[in-house]
Amino acid sequence: MTGGELRAIPVAGMPEIGEGAELGREIAARVELRAGDVVVVSQKIVSKAEGRVRQLSSAIPGAEARKLAAVLGKDPALVELILEESREVLRAERGVLIVETRHGFVCANAGIDSSNLPEDGTVCLLPEDPDASARRIRAELRAAAGVSPAVIVADSFGCAWRLGQSEVAIGCAGIEPLDDWRGRADANGRELQATAIAVADQAASAADLVRDKTSCVPAAVIRGLAHHVTDNDGPGAKALKRPRGEDLFR
């Protein structure tokens, strides 16, 4: 089922989030949720709620961090935190540090940044398990609102072939993250060979259009994707990771 109306509704009035906050309860108190909704939550407030904020001064740079920092013009303490959150450094040039995180994400700075944090000298790390975060928030929403919307934890990633950043799903629960059309027929009856639609990523990007980095709106509801919402939590966003053996660029 496709072709219906899609709405993106910002969740306004959220407080400053601290460690231990129940995000599902906070969101349910500020927006009316319906069955089949998709709640998209920014990675930043998820990380805050999970205590993933660090003081830069707490990091002790090792030899590799100091070397990379000198080459890239970055704070050695920041580079140390990036390395601690990474499996592998993929690129380190022109001031850019691209890594594969411990989760398996390929991104700049292991997803660590300092925007929208109340204290100077602090940075925010990605959630340790974003799919588990999405499942927990979904359970909180169910308890608070009596419905089980899908939940997506979204973060801004760049693309090697395009300028700018867009939101992607780094965690999700209750939604089919990938809609595989391979083997189906197109409008002219030809069999599709490669089409697999990243539904969770597209929903994450749609939600970002009704909030921005200065709006203090860290969540949005996408309405119109009920045909992708599932009763069970599903495989999570890990289903969107390209297997290393299929990666043509490493």
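Source: prediction; values computed, not measured.

Our next topic: helix 4 (residues 76-84). Counting buried positions along helix 4 gives seven out of nine residues, so the element sits mostly inside the fold. Burial in helix 4 covers these residues: A77, L78, V79, E80, L81, I82 and L83. Summarising the contacts, the buried residues of helix 4 are in contact with strand 3 (53-55), helix 3 (63-72), strand 4 (86-93), strand 5 (96-101) and strand 7 (122-124).

Here we take up the pattern of salt bridges. Summed over all chains, the structure comprises 19 salt bridges. In this structure, R52 and E128 form a salt bridge, with 3.5 Å as the shortest nitrogen-oxygen distance. Pair noted here: R52 is in the loop between helix 2 (43-49) and strand 3 and E128 is in the loop between strand 7 and helix 5 (130-145), with a separation of 76 residues, a long-range link. Accessibility expressed as a relative area gives 4% for R52, which makes it buried. For E128, a relative accessible area of 57% translates into the label exposed. Note that E85 and R102 form a salt bridge whose closest N and O atoms lie 3.0 Å from each other. One end of the pair, E85, is in the loop between helix 4 and strand 4; the other, R102, is in the loop between strand 5 and strand 6 (106-108), and 17 residues separate them in sequence. Sharing partners across several salt bridges, the network here consists of R52, E85, R102 and E128.

So, about helix 6 (residues 199-208). When helix 6 is considered as a whole, its buried residues turn out to be V199, A200, A203, A204, A206 and A207. On an axial view of helix 6, the arc spanned by its buried residues comes to 160°, and they lie on one face.

Relative to strand 5, strand 4 runs antiparallel, the two being bridged by six bridges. Residue pairing in the sheet places E88 in a bridge with E100 of strand 5. Count of turn residues in the strand 4/strand 5 antiparallel hairpin: two residues, of which R94 carries a positive phi of about 50°.

Quick look at the environment of E64 now. Along the chain, E64 falls in helix 3. On the basis of relative accessible area, E64 is assigned to the partly exposed category, the value being 49%. A sequence separation of 169 residues divides E64 from D233, and the C-alpha atoms of the two residues are 40 Å apart. Beyond its immediate stretch of four places on either side in the chain, E64 contacts L83 and V89.

Right, let's get into the packing of helix 3 against helix 4. Closest axis-to-axis distance for the helix 3/helix 4 pair is 8 Å, and the angle between their directions is 120°. Our classification of the angle between helix 3 and helix 4 gives oblique. With respect to the hand of their crossing, helix 3 and helix 4 are arranged in right-handed fashion. Contacts between helix 3 and helix 4 involve E64, A65, L68 and A69 from the former and P76, V79, E80 and L83 from the latter. Considering only residue class, the contact of helix 3 with helix 4 consists of six nonpolar, no polar and two charged.

Our next topic: the packing of aromatic side chains. All chains considered together, the criterion is met by one aromatic pair. If you follow R184 out to its NZ or CZ, it ends over the ring of W181, 4.3 Å from the centre. Positioned over the ring face of F105 is K241, at 5.1 Å from the centre of the ring.

Per the stated rule, a full pass over the model turns up zero disulfides. C107 supplies the cysteine sulfur nearest to C124, a cysteine that is in no disulfide, at a spacing of 13 Å. Residue C124 is classed as buried on the basis of its relative accessible area, which comes to 0%. Of all cysteine sulfurs, the one in C124 lies closest to C216, which takes part in no disulfide; the gap is 15 Å. Looking at C216, the relative accessible area reads 64%, which means it is exposed.

Procedures and definitions
Residues numbered from 1 in each chain as written. Predicted model: local features only at pLDDT ≥ 70, side-chain atom pairs only at ≥ 80, totals over all residues. Heavy atoms only, no water. Buried < 20%, exposed > 50% of the residue type's maximum accessible area, 1.4 Å probe, protein only. Helix = DSSP H or I, 4+ residues; strand = E, 2+ residues; numbered from the N terminus. Contact = heavy atoms within 4.5 Å. Salt bridge = Lys/Arg side-chain N within 4 Å of Asp/Glu carboxyl O. Arc of directions from axis to C-beta. Pairing = 2+ DSSP bridges. Axes fitted to C-alpha atoms, helices over the stretch in contact; angles between N-to-C directions. Parallel < 35°, antiparallel > 145°, perpendicular 65-115°, else oblique. Left-handed = near helix turned anticlockwise from the far one by under 90°. Nonpolar A, V, L, I, M, F, W, Y, C, P; charged D, E, K, R; others polar. Phe/Tyr/Trp six-rings, centres within 6.5 Å; stacked < 30°, edge-to-face > 60°. Lys NZ or Arg CZ within 6 Å of the ring centre and 35° of its normal. Disulfide = S-S within 2.5 Å.

Function-wise, these values are silent; they only describe arrangement.
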